[in-house]
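Close look at the chain arrangement
Residues per chain, in single letters:
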Amino acid sequence: TVLQRGMPADVVDVEGDGSAAELDPRRFEQVLANLLDNADRHGGGAVRVGVCTDGDTVRLEVDDEGPGVPPDERELVFDRFARGRAASARGGTDGTGLGLALVSQHVAAHKGTIALLDRPGGGARFVVTLPAHEDVS
């Protein structure tokens, strides 16, 4: 997904024990695509896509170089149709506010978690943590 978008390969940071995760590839790709779209629209583009496996979990991190999201608005960005101050400050686009809500739904279907943090050096870091071996439907 990253290379298909024409992003440089050095944006991708892979670490871990190399174990294979048993995830729904369609859902995982949609999560990644929506996070990359969000970074493009609101954060100046993704500057790092990190994937880490450790046998029990898969962690996906997407970092952007935008203005970040104030702590008091971080939970709101995952709500459907969220278009608050944070979205406007992060790009002023006319998106529907559904992308991150869909990410949250896909992550929940995998029994995972999603968090929005500050990226070291500025910007936002979206962190998705999923069980590596989970039966999803």
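Provided above is the structure to which this section pertains.
Small disclaimer: the values here were computed from a predicted structure and weren't measured.

What counts, and where the lines are drawn
Residues numbered from 1 in each chain as written. Predicted model: local features only at pLDDT ≥ 70, side-chain atom pairs only at ≥ 80, totals over all residues. Heavy atoms only, no water. Pairing = 2+ DSSP bridges. Helix = DSSP H or I, 4+ residues; strand = E, 2+ residues; numbered from the N terminus. Axes fitted to C-alpha atoms, helices over the stretch in contact; angles between N-to-C directions. Salt bridge = Lys/Arg side-chain N within 4 Å of Asp/Glu carboxyl O. Buried < 20%, exposed > 50% of the residue type's maximum accessible area, 1.4 Å probe, protein only.

Further remarks concern the sheet that holds strand β3 (residues 57-64). Ordered in space as β1-β2-β3-β5-β4, the five strands form an open sheet in which the pairing is mixed. Because the sheet does not close on itself, it has two edges, and the strands there are β1 (12-16) and β4 (113-118). On average, each strand axis in the sheet is tilted by 15 degrees relative to the strand beside it, whichever way the strands run. Here β3 runs beside strand β5 (residues 124-131); their pairing, made up of seven bridges, is antiparallel. Residue Thr57 lies in a different strand from β5, and its bridge partner there is Pro131.

Quick look at the pattern of salt bridges now. Evaluation of the coordinates by the stated rule reveals eleven salt bridges. The shortest N-O distance in the salt bridge between Arg48 and Asp63 comes to 3.4 Å. Of this pair, Arg48 sits in strand β2 (residues 46-53) while Asp63 sits in strand β3, and the two are 15 residues apart along the sequence. Assessed through its relative accessible area of 19%, Arg48 is described here as buried. Each member of the salt-bridge network shares a partner with another, and the members are Asp13, Arg48, Arg59, Glu61, Asp63 and Arg125.

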